[in-house]
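Each chain is listed here by its residues.
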Amino acid sequence: MTRVTGPLITVAGVADVAYGEVVEITVPSGERRAGRVLESREDTAVVQVFGGTEAVDTLRTSVRFTGETMKIGVTEALLGRILSGTGEPIDGGPLIIPDAMREISGSPINPSARDFPRDSIETGISAIDGMNTLVRGQKLPIFSGSGLPHARLAAQIARQARVRGQAESFSVVFAAMGITYEEADFFIRNFRETGALEQAVVFVNHADDPVIERLITPQMALTVAEYLAFDLGYHVLVILTDMTNYCEALREVAAAREEVPGRRGYPGYMYTDLAAIYERAGRIKGREGSITQIPILTMPNDDITHPVPDLTGYITEGQIVFSRDLHRKGIYPPIDLLPSLSRLMQGGIGEGRTREDHAAVKDQLYAAYARGRRLRSLVAVVGEESLGDIDLLYLTFADRFEAEFLQQQENERRTFEETLDTAWQLLSMLPESELVRIEPALIEKYYPGEADG
Amino acid sequence: MTITGEVVRIAGAVVSAKNLAGARMYDVVRVGDKQLVGEIVVLEGDVATIQVYEETEGIAPGEPVTTTGMPLSAELGPGLLGTTYDGIQRPLEILLAEGGDFIVRGVHAPGLRRECGWDFTPAVRPGDRVVGGDTLGAVVETEVHEHRVMVPPTLQGTIAEIAPEGRYTVDDVVATLKGDGRTQTVRMRQYWPVRQPRPVLRRLEAADPLISGQRVIDTFFPLVKGGTAALPGPFGAGKTVVQHQLAKYVNADIIVYVGCGERGNEMADVLRQFPALVDPTTGKSLMDRTVLIGNTSNMPVAAREASVYTGITIAEYYRDMGYDVALMADSTSRWAEAMREISGRLEEMPGEQGYPAYLASRLADFYERAGRMAVLGSSGRTGSVTVIGSVSPPGGDFSEPVTQNTLRVVRVLWALDADLAHERHFPSINWLTSYSAYAGAVQGWWTAHAAPRWEEYRTEMMGVLQAESELLETVQLVGEDVLPEEDRLVLVQARLIRDGFLIQSAFHPVDTYCPAEKQYLMLDLLARFYRHGQRAVAAGVSAAAVGGLAVKSRIERMPFVPDERFAGEHAVIAQEMDEAFAGLTAGKAAYGVTPRG
């Protein structure tokens with residue numbers, strides 16, 4: 001042991017240490033901690049220590065290299081268990097006897113082996129189902145802010161999500177990184193009350209656990225998820241919260257290694273690092289299961305251009321963005337639809353999947369709501385008097401859209417049809433000639449005014 | 001000759017090895033017991049620093065490193081079309097067959113299939129003198145493409161032997177050349193170092209438009225065969241959809257699509273869609289003209305860096321046969337970030353935002369490989385490579401180094417805009433900030449192709465959009481009331497151009513591709529409406545009344561009218577419009593003149 005800086009130690013006098021090898025560190029008190037090799041040279045190795053470097057000294061601390069890369073034991077018996085951020089059971093339950101050991105860093109799925117995700121998930125939430133449909137195998141993050149109800153929404157999705165006409169084995173892998181006891185309890189209690197816990201594997205790294213441990217929590221969770229999905233055929237929903245804490249940990253390690261910092265001090269390889277996590281979602285041809293990811297992250301100062309949401313958005317297939325304004329107005333879920341997006345929606349909707357009018361209705365709702373929102377900011381400056389009749393209609397449309405379509409109860413589950421019918425009710429406020437994004441045949445079929453004459 | 005050394009240091013994708021005196025810069029090496037592929041990027045004494053194209057976990061000091069004596073090269077020959085590769089040209093299908101659903105390390109697979117036979121027809125006779133680039137014979141590679149087997153650029157001489165018509169594999173010798181006192185054999189496969197441009201005779205001016213069927217691109221910001229374009233935009237602005245649309249519909253002969261550090265599910269989407277889609281120019285499967293390179297964001301970072309070079313080398317190879325090739329790189333920011341990541345591991349002095357100081361020159365070198373060229377050989381052929389690069393600026397801020405350095409070398413900017421995307425105005429190409437330096441060059445083509453007033457309409461409609469943006473600023477401050485009627489008509493017209501022309505749905509079966517003829521007819525109706533409107537307003541009709549005409553929603557639905565019916569629809573709308581305006585202005589004395597057009 002020659003040097004200790006933050007969560008890293010440098011070990012000298014070693015030979016043939018493999019990059020990524022697992023290390024066992026014994027501090028003078030006899031306590032053992034795990035570590036992982038970050039850089040290996042002929043006679044020295046840089047090791048990151050899980051559990052922190054407190055009480056580590058350069059005199060009596062001993063380091064043993066195990067010759068193994070980092071692995072986690074996987075088994076179906078993990079369902080229903082609560083584990084620490086490093087994969088140790090913390091629920092007082094029995095020891096876990098693994099069926100297989102898997103490397104937690106995983107391997108990229110060959111793009112040729114991927115099956116394009118097309119099974120739309122009905123979450124029962126109109127803002128998602130109607131406007132930003134989630135499909136199995138997608139990675140769709142929630143961009144939230146501190147104090148916003150992202151946990152409630154994630155729990156609601158985990159509770160309500162289903163694919164229609166299919167009763168398959170469904171499970172949740174939940175990984176918490178650096179969240180408070182209160183928030184972790186919220187999820188665990190919620191899962192327990194709804195019976196979801198039996199079908200869930202929960203990893204919890206609390207806010208006061210060693211920061212460095214957070215770096216392996218998502219990898220462990222996803223390794224378990226891959227086993228459940230691709231070996232056992234489960235449809236796995238992975239919830240990762242909070243990715244901002246994960247990135248903070250990444251920055252801390254980079255700083256301790258004195259690396260050249262990129263934007264706002266985050267390391268230049270953060271994109272690659274995040275991609276290695278998020279890309280572990282998807283489906284594989286010829287295999288039953290799927291991994292759908294909902295990473296949650298809080299945007300520091302609600303800033304969507306901050307590196308964490310920014311890089312995430314470039315990797316994930318869309319994003320659900322929360323708005324503090326809507327939250328203040330008392331609207332749940334406070335989803336700001338304009339910057340929200342689901343990139344895989346197009347393949348999952350339409351005739352035979354949701355309903356033939358879905359795509360057109362979504363486009364029209366977006367156009368109308370965007371116009372209403374623009375007029376709202378205009379009215380704030382020049383007053384309503386200067387608006388024409390049509391513009392006034394759009395203004396009312398935006399208000400009613402938020403109150404009737406967006407707003408819903410935390411336990412309310414709407415079907416695709418209910419969501420689309422609500423949409424047509426709202427669109428019927430506007431004259432038919434305004435609905436230029438919808439083809440006339442569809443208007444004839446669904447425009448509610450028609451039937452009444 | 002191979003040299004074997006020993007690993008001394010591993011830090012992520014960068015590995016150092018000693019005892020490698022005699023190894024050359026950019027040589028490909030095999031690293032460790034797993035034989036991972038790497039490339040020498042720094043030499044210092046007998047220590048070489050290597051960037052490794054595969055995950056390095058588990059490699060330890062002391063493991064062997066062996067040089068191959070060859071720089072990173074692309075394998076070129078029949079069999080490229082229709083194949084999907086990773087960043088260092090390993091076929092993903094072969095990796096799938098040999099390694100399973102997840103990419104494992106140390107799998108080696110040549111770029112071209114060895115067992116596949118190709119029907120070769122010779123084009124030269126013994127005794128003919130040939131130079132680099134000359135066609136020795138032809139192979140039917142796909143239904144639509146004749147693959148010309150060429151003399152490698154560095155060879156010349158007299159044909160000693162040429163294979164008779166028959167079926168050969170890429171390993172078979174098809175010709176023997178005598179020259180420079182030596183005898184050289186030529187196979188159907190050849191190698192070319194990816195970081196080095198393939199030579200050409202000279203550059204030519206590019207003036208043929210690359211028609212994409214995307215209205216805002218073809219009409220307002222056109223690209224030419226052999227041109228360069230940048231497509232920057234924040235996430236969610238639709239870069240990838242635009243790139244996919246271009247890959248599907250541009251009228252190039254060959255498409256090379258490089259998915260550089262992008263999403264796995266998107267690659268899967270391409271692999272699912274392309275074989276089923278039909279090339280609008282030839283009527284055959286799109287895969288018949290496409291080479292895909294997919295190095296997704298979770299695949300090794302060094303291979304991501306190499307992927308754009310692999311792609312452009314393949315593009316140049318087909319250009320040398322005399323084809324028009326279009327290369328899409330999505331996204332060049334990921335490539336630049338890969339450079340930054342490797343540069344950081346090499347502990348180089350960082351430039352702006354941590355990018356290496358050579359970022360600008362690497363970007364320029366890459367885009368300079370585009371162009372319309374007189375290709376090597378005595379045939380007088382020309383070919384072109386068009387490069388379209390997406391840029392993913394952090395936070396959507398175009399002032400960052402990758403965007404700025406790209407804009408210094410490209411001639412077309414399609415700037416994607418978050419606000420437009422939020423309103424679901426797609427493609428979200430902002431018409432105020434985008435530009436094309438080729439608009440003048442392509443005018444001749446449009447005029448010659450039944451679009452006599454193309455330039456006039458284009459300028460007029462662009463003028464309306466410009467005027468709108470200025471007027472909207474006023475409206476934001478004081479409301480629309482204060483505007484004179486002519487200005488309010490500008491707002492009506494601009495709205496119509498946006499909804500009826502600029503917005504184009506990539507997912508609508510008809511609207512996804514809009515032929516040049518239809519674009520022109522649509523433009524014609526928009527111009528006609530504006531002239532009618534101007535006359536009506538001058539005659540005392542309010543802009544609101546013009547905007548309230550029923551014919552307007554018919555114009556807004558023009559995009560969905562099938563192409564073959566559109567000429568008829570054009571006539572109907574034109575007549576309906578004339579009548580509607582006549583009705584509107586009945587009794588207003590100043591009206592009554594039928595507008596031109």
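Parameters and conventions
- Residues numbered from 1 in each chain as written.
- Chains lettered and ligands numbered in written order.
- Predicted model: local features only at pLDDT ≥ 70, side-chain atom pairs only at ≥ 80, totals over all residues.
- Heavy atoms only, no water.
- Helix = DSSP H or I, 4+ residues; strand = E, 2+ residues; numbered from the N terminus.
- Rg over C-alpha atoms; globule rule 2.2 N^0.38 Å.
- Buried < 20%, exposed > 50% of the residue type's maximum accessible area, 1.4 Å probe, protein only.
- Contact = heavy atoms within 4.5 Å.
- UniProt positions renumbered as here; feature names shortened; annotations may be inferred.
- 1 Å grid on protein atoms, 1.4 Å probe; cavity = no way out; pocket = protein on both sides within 12 Å on 5 of 7 lines; lining within 4 Å.
- Pairing = 2+ DSSP bridges.
- Axes fitted to C-alpha atoms, helices over the stretch in contact; angles between N-to-C directions.
- Points joined across faces, edges and corners; volume = space filled by probe spheres on them.
- Nonpolar A, V, L, I, M, F, W, Y, C, P; charged D, E, K, R; others polar.
- Phe/Tyr/Trp six-rings, centres within 6.5 Å; stacked < 30°, edge-to-face > 60°.
- Buried area = accessible area lost by both parts, 1.4 Å probe.
- Salt bridge = Lys/Arg side-chain N within 4 Å of Asp/Glu carboxyl O.
- Domains from an automatic or database assignment.

Caption draft 1: Expanded view of the overall build of chain B. When you go through chain B residue by residue, the secondary structure sums to 16 helices and 26 strands. In terms of overall size, chain B behaves like a compact globule, its C-alpha atoms giving a radius of gyration of 28 Å where 597 residues would be expected to give roughly 25 Å. Principal axes of the C-alpha set define a box for chain B whose edges measure 95 × 55 × 40 Å. Per-residue burial over chain B gives 61% buried out of 597 residues. Long-range pairs, those at least 24 residues apart, make up 70% of the contacts in chain B with a sequence separation of at least 6.

Caption draft 2: Spotlight on the UniProt feature "binding site: ATP" (unreviewed entry) in chain B. Following the UniProt record, the feature "binding site: ATP" (unreviewed entry) maps to Gly233(B), Pro234(B), Phe235(B), Gly236(B), Ala237(B), Gly238(B), Lys239(B) and Thr240(B) here. Lining residues of the second largest cavity, restricted to the annotated ones just named, are Phe235(B), Gly236(B), Ala237(B), Gly238(B), Lys239(B) and Thr240(B). Relative to the helices and strands, Phe235(B) resides in the loop between strand S19 (228–232) and helix H3 (239–249). Given a relative accessible area of 12%, Phe235(B) falls into the buried group. Setting aside chain neighbours within four positions, we find Phe235(B) in contact with Phe143(A), Ile304(A), Pro309(A), Asp310(A), Gly313(A), Tyr314(A), Gln319(A) and Arg343(A). Position of Thr240(B) among the secondary structure elements: in helix H3. Look at Thr240(B) and you get buried, because its relative accessible area is 8%. Those residues within four positions of Thr240(B) in sequence are excluded, and the remaining contacts are Tyr257(B), Glu262(B), Arg263(B), Glu266(B) and Asp330(B).

Caption draft 3: Structural view of the sheet that holds strand S14 (residues 166–168) of chain B. Residue and element names in this part refer to chain B. Strand order in the open sheet formed by four strands is S12-S11-S9-S14, and the pairing between neighbours is antiparallel. Two strands lie at the open edges of the sheet, namely strand S12 (146–150) and S14, each paired on one side alone. Each adjacent strand pair in this sheet contributes to an overall mean axis angle of 40°, direction not counted. Across five bridges, strand S11 (residues 135–140) lies against S12 in antiparallel orientation. Each residue of the ladder has a partner; that of Ala138, found in S12, is Arg148.

Caption draft 4: Focus on the environment of Glu439(A). Mapped onto the secondary structure, Glu439(A) falls in the loop between helix H12 (416–427) and helix H13 (440–446). The sequence separation of Glu439(A) and Asp357(A) amounts to 82 residues, and the corresponding C-alpha distance is 9.1 Å.

Caption draft 5: Molecular detail of empty space enclosed by the protein. Summed over the entire model, instances satisfying the criterion amount to five cavities of 30 Å³ or more. As a volume, the largest cavity reaches approximately 150 Å³. Contributing to the lining of the largest cavity are 14 residues, with Arg263(A), Pro307(A), Leu311(A), Arg340(B) and Pro394(B) lying nearest its centre. Split by residue class, the lining of the largest cavity holds eight nonpolar, three polar and three charged. In this structure, the second largest cavity is lined by Tyr314(A), Arg343(A), Phe235(B), Gly236(B), Ala237(B), Gly238(B), Lys239(B), Thr240(B), Glu262(B) and Arg263(B). Taken together, the residues of the lining of the second largest cavity sort by class into three nonpolar, three polar and four charged.

Caption draft 6: Representation of the packing of aromatic side chains in the model. Residue and element names in this part refer to chain A. Overall, the coordinates contain 23 aromatic pairs over all chains when judged by the stated rule. Between Phe401 and Phe405, the ring centres sit 4.9 Å apart and the planes meet at 15°, which makes this aromatic pair stacked. Separated by four residues within a single helix, Phe401 and Phe405 lie in helix H11 (residues 389–406), roughly one turn from each other. For the pair shown, Phe401 and Phe405 are each scored as buried.

Caption draft 7: Structural view of the pairing of strand S4 (residues 36–44) of chain B. Residues and elements named next belong to chain B. One ladder, built from four bridges, connects strand S3 (residues 27–31) with S4; its direction is antiparallel. The partner of Arg30 across the bridge, within S4, is Val37. Between the antiparallel neighbours S3 and S4 lie four residues, among them Gly32 with a positive phi of about 75°. Both S4 and strand S5 (residues 47–52) contribute to a ladder of six bridges, which runs antiparallel. Each bridged residue has a counterpart across the sheet, and for Glu39 the counterpart in S5 is Gln51.

Caption draft 8: The interface of chain A and chain B, seen in detail. The interface is formed by 80 residues belonging to chain A together with 74 residues belonging to chain B. Of the roughly 6500 Å² buried between chain A and chain B on both sides combined, carbon and sulfur atoms contribute 54%. Here chain A is connected to chain B by five salt bridges. Between Arg9(B) and Glu39(A) there is a salt bridge, with its nearest N and O atoms 2.8 Å apart. Looking at the side of chain A that touches chain B, the elements with two or more residues in it are strand S4 (32–41), helix H4 (217–231), helix H6 (270–278), helix H7 (307–315), helix H10 (358–382) and H13 of chain A. It is H10(A) that provides the largest number of residues to the side of chain A that touches chain B, a total of seven residues. For the side of chain A that touches chain B, the residue count by class is 38 nonpolar, 20 polar and 22 charged. Of the strand pairs in this sheet, S4(A) and strand S1 (residues 4–11) of chain B are connected by two bridges, and their pairing is antiparallel. Within the sheet, the bridge partner assigned to Ser40(A) lies in S1(B) and is Ile10(B).

Caption draft 9: Layout of the UniProt feature "domain: ATPsynthase alpha/beta subunit barrel-sandwich" (unreviewed entry) in chain B. The UniProt entry lists residues 110–195 of chain B under the feature "domain: ATPsynthase alpha/beta subunit barrel-sandwich" (unreviewed entry), expressed in the numbering used here. Segment residues 110–195 of chain B splits into 0% helix and 53% strand. End C-alpha atoms: 19 Å apart.

Caption draft 10: Expanded view of the domain arrangement of chain B. Split into domains, chain B comes out as domain 1 (4–71), domain 2 (118–188), domain 3 (201–437) and domain 4 (454–584). In this structure, domain 2 of chain B and domain 4 of chain B have C-alpha centres spaced 57 Å apart.

Caption draft 11: Expanded view of the sheet that holds strand S10 (residues 129–131) of chain B. Residues and elements named next belong to chain B. One open sheet accounts for four strands, arranged S10-S13-S15-S16; its pairing is antiparallel. Two strands in the sheet have a free side with no partner beyond their single neighbour: S10 and strand S16 (182–187). Between one strand axis and the next, the sheet turns through 40° on average, direction left out of account.

Caption draft 12: Molecular detail of the pattern of salt bridges. Residue and element names in this part refer to chain A. Inspection of the entire model under this criterion finds 75 salt bridges over all chains. The salt bridge partner of Arg162 is Glu122, with a shortest N-O separation of 2.7 Å. With Arg162 in the loop between helix H2 (150–160) and strand S13 (170–179) and Glu122 in the loop between strand S10 (120–121) and helix H1 (126–129), this pair connects stretches of sequence that are 40 residues apart. With a closest N to O distance of 2.9 Å, Arg376 and Asp399 form a salt bridge. Residue Arg376 is found in helix H10, and its partner Asp399 is found in helix H11; the two are separated by 23 residues along the sequence. On the basis of relative accessible area, Asp399 is assigned to the partly exposed category, the value being 43%.

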